[in-house]
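Listed below are the residues making up each chain.
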Amino acid sequence: KNEVEQSPQNLTAQEGEFITINCSYSVGISALHWLQQHPGGGIVSLFMLSSGKKKHGRLIATINIQEKHSSLHITASHPRDSAVYICAARLLQGAQKLVFGQGTRLTINP
Amino acid sequence: DGGITQSPKYLFRKEGQNVTLSCEQNLNHDAMYWYRQDPGQGLRLIYYSQIVNDFQKGDIAEGYSVSREKKESFPLTVTSAQKNPTAFYLCASSSDRGPWRPQHFGDGTRLSIL
């Protein structure tokens, strides 16, 4: 079992829908990253959070440390939000390694 | 604008050949990283470097080699010892000297075996 699991693996929705992508981890972490990978392959860092909630535009990231769970929400989704979304957990122990989820492929249809 | 430049975007290799992937950053970051991405899997760390002339193995270093002679450059060589080199390779850098904290990513190089 991977230390970081994302769900769903694939998500297709209509423009305007509210989107939720989930990330669960099984180890102690110091922070969790949400990344966006564009169809060409480049990756952009969206959020890094260790508690509570962060918001940037239509994107909201939350984390519940006790439940070892984080969510990425997209409000009023748009076709340009279509991408692979990746969560990565920075481990507490050892060298504070980053462990990546397998990604969620999001497709927003017009 | 500052960023990370990876080249080439697509690379083809014949079996038995070594190939070198380029990664250059102008962000003045100390730490640089190489990741491998396979379909349906999370990114896996190949090598990282926290400072010039120093680098450490990641989780899947076998069959790969790196150098860090300049702060802005961290080339990755995929050697003939890497039995399954077909993958997407991503370079990253971080202003943190602490390991395992990438913040900026390049656009990647897709390597295929002919």
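Predicted model, so just to flag it, every value in this text is computed and none were measured.

With that settled, consider the overall build of chain B. When helices and strands are counted, chain B shows zero helices and eleven strands. Helices (α) and strands (β) of chain B occur, in sequence order from the N terminus, as β-β-β-β-β-β-β-β-β-β-β. In terms of overall dimensions, chain B is globule-like: its C-alpha atoms have a radius of gyration of 13 Å, near the 13 Å expected for 114 residues. Reported as C-alpha extents along the three principal axes, the dimensions of chain B are approximately 35 × 30 × 25 Å. Considering chain B as a whole, with its 114 residues, one finds that 51% of them fall into the buried category. A separation of at least 24 residues holds for 55% of the contacts in chain B among residues at least 6 apart in sequence. Averaging the coordinates of the 13 positive side-chain charges in chain B and doing the same for the 12 negative ones gives two points 5 Å apart.

Before going further, it helps to spend a moment on the pairing of strand β3 (residues 19-25) of chain B. Residue and element names in this part refer to chain B. Only one face of β3 is buried, namely the one carrying Val 19, Leu 21, Cys 23 and Gln 25, since none of Thr 20, Ser 22 and Glu 24 on the opposite face is buried. Pairing analysis gives four bridges linking strand β1 (residues 4-7) to β3, with the strands arranged antiparallel. Note that in β3 the partner of Ser 7 across the bridge is Ser 22. Across three bridges, the pairing between β3 and strand β8 (residues 76-78) is antiparallel.

What follows concerns the nonpolar core. Note that soluble globular proteins tend to have their nonpolar side chains buried in a common cluster. Core analysis: the largest hydrophobic core is formed by 25 residues, its most contacted members being Leu 32 and Trp 34 of chain A. Contributions of two or more residues to this core are made by β3 (19-25), β4 (29-37), β5 (43-49), β7 (59-64), β8 (69-74), β9 (83-91) and β11 (104-109) of chain A. Ranked by residue count, the leading element in this core is β9 of chain A, at five residues. In this structure, Ile 4, Cys 23, Val 66 and Leu 76 of chain B belong to the second largest nonpolar core, which totals 20 residues.

Okay, the interface of chain A and chain B next. Opposite the 17 residues of chain A that make contact, chain B presents 18 residues. Between chain A and chain B, the buried area comes to about 1400 Å², and carbon and sulfur atoms account for 56% of it. In terms of surface lost to chain B, no three residues of chain A exceed Ile 43, Lys 97 and Phe 100 of chain A, which account for 34% of the buried area on that side. Across the contact surface, chain A and chain B share zero salt bridges. Our enumeration of links across chain A and chain B arrives at two residue pairs in polar contact (both at pLDDT 80 or more). Listed by contribution, the elements that provide at least two residues to the side of chain A that touches chain B are β4, β5, β9 and β10 (98-100) of chain A. Per-element tally for the side of chain A that touches chain B: the top contributor is β4 of chain A, with three residues. For the side of chain A that touches chain B, a count of residues per class yields six nonpolar, nine polar and two charged.

Calculation rules
- Residues numbered from 1 in each chain as written.
- Chains lettered and ligands numbered in written order.
- Predicted model: local features only at pLDDT ≥ 70, side-chain atom pairs only at ≥ 80, totals over all residues.
- Heavy atoms only, no water.
- Helix = DSSP H or I, 4+ residues; strand = E, 2+ residues; numbered from the N terminus.
- Rg over C-alpha atoms; globule rule 2.2 N^0.38 Å.
- Buried < 20%, exposed > 50% of the residue type's maximum accessible area, 1.4 Å probe, protein only.
- Contact = heavy atoms within 4.5 Å.
- Lys, Arg positive; Asp, Glu negative; His and termini not counted.
- Charge placed at Lys NZ, Arg CZ, Asp CG, Glu CD.
- Pairing = 2+ DSSP bridges.
- Core = buried A, V, L, I, M, F, W, Y, C linked by side-chain atoms within 4.5 Å.
- Buried area = accessible area lost by both parts, 1.4 Å probe.
- Salt bridge = Lys/Arg side-chain N within 4 Å of Asp/Glu carboxyl O.
- Polar contact = N/O pair within 3.5 Å; in protein donor to acceptor, adjacent residues only side chain to side chain.
- Nonpolar A, V, L, I, M, F, W, Y, C, P; charged D, E, K, R; others polar.

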